[in-house]
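# An overview of the molecular structure
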Amino acid sequence: MFLFGDIGTMGAGLLAHGSWGFFPSDDFKILAGINAAWISGSDEGSRNKDRDLAYSTVLIEPVVQVQFFYWKWWGPGYSRRGLVLKEPVLSAYISAGFSPVWFSPSPRRSLEDSFEDNFPHVTVSVPIGIGVRYVMSGNWVLGWNAEVRMPATDYLDGYTSV
């Protein structure tokens, strides 16, 4: 997971994700899930390296998304009991959704001296993405997706340049 904020060029971190979904039709899937992430970044190596600001933040994001499957391959797919699967074996999709985001930034280095924790720690975000999925069995799916999130705050890293 990456965060493009006010500190440094890009914050990087770890993400854990869990979700559950269902297909109301062959072309759409409704997905509910939760993301937990830890992200950190600093001004080191950026054009603002003289500021010497750094942060780490924890994010918790419950998310609801709709996936639209624009390409599907209905090749032979079987469950572990040998039953024929009723969904495409390989498919590609685009997605959009909505999520509240709870975040808790922690200042480091020079940011500790000027950090003011006077902003809301909850915001909303709109995730938009693209992905592919491969159905391995009736219970297991292997997938890859890339998403962009547009949060309604500038404080995910605990700092704003405005």
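Predicted, not measured: the structure shown is a model, and the values here were computed from it. (Residues numbered from 1 in each chain as written. Predicted model: local features only at pLDDT ≥ 70, side-chain atom pairs only at ≥ 80, totals over all residues. Heavy atoms only, no water.)

### Quick look at the pattern of salt bridges
Heads up, the condition is: Here, a salt bridge means any side-chain nitrogen of Lys or Arg that lies within 4 Å of a carboxyl oxygen of Asp or Glu. Working definition: helices are DSSP H or I runs of at least four residues, strands are E runs of at least two. Numbering for both runs from the N terminus. Exposed residues in this analysis have more than 50% of their type's maximum accessible area, buried residues have under 20%, and partly exposed residues fall in between, with area computed by a 1.4 Å probe over protein chains only.
One pass over the full model with this rule turns up six salt bridges. Put simply, Lys72 and Asp27 hold a salt bridge, and the shortest N to O gap is 2.5 Å. One end of the pair, Lys72, is in strand E4 (residues 53-73); the other, Asp27, is in the loop between strand E2 (11-22) and strand E3 (28-42), and 45 residues separate them in sequence. On the basis of relative accessibility, which here comes to 32%, the residue Asp27 falls in the partly exposed class.

### Thoughts on the packing of aromatic side chains
Put simply, the rule is: Two rings from Phe, Tyr or Trp (for Trp, the six-membered ring) form a pair when their centres sit within 6.5 Å of each other. Planes less than 30 degrees apart are called stacked, planes more than 60 degrees apart edge-to-face, and all others tilted.
What the rule picks out here adds up to seven aromatic pairs. The interplanar angle of 40° and the centroid separation of 5.8 Å between the aromatic rings of Trp20 and Phe22 together place this pair among those described as tilted. A relative accessible area of 59% means that Trp20 is categorised as exposed. An aromatic cluster of three or more residues is present, and its members are Phe103, Phe115, Phe119 and Tyr155.

### Quick notes on unusual backbone geometry
What is expected of a backbone is that most residues other than glycine have negative phi and most peptide bonds are trans. Its identity as a non-glycine residue notwithstanding, Asp52 has a phi of 60°, on the positive side. In the Ramachandran plot, Arg109 falls in the positive-phi region, its phi being about 55° despite a non-glycine side chain.

### With respect to the sheet that holds strand E6 (residues 122-135)
Definition in use: A strand pair is defined by DSSP finding two or more bridges across the two strands.
The seven strands are arranged E1-E2-E3-E4-E5-E6-E7 in an open sheet whose pairing can be described as antiparallel. Whereas interior strands pair on both sides, the edge strands pair on one side only; in this sheet they are strand E1 (2-3) and strand E7 (141-151). Here E4 runs beside strand E5 (residues 90-109); their pairing, made up of 17 bridges, is antiparallel. Within the sheet, the bridge partner assigned to Ala54 lies in E5 and is Arg108.

### Things to note about the pairing of E3
Sheet analysis places E2 next to E3, joined by 11 bridges and oriented antiparallel. When the bridges of E3 are listed, Ser19 appears paired with Gly33. In this structure, the hairpin formed by E2 and E3 is closed by a connection of five residues. Bridge analysis of E3 against E4 gives 15 bridges, and the strand direction is antiparallel.

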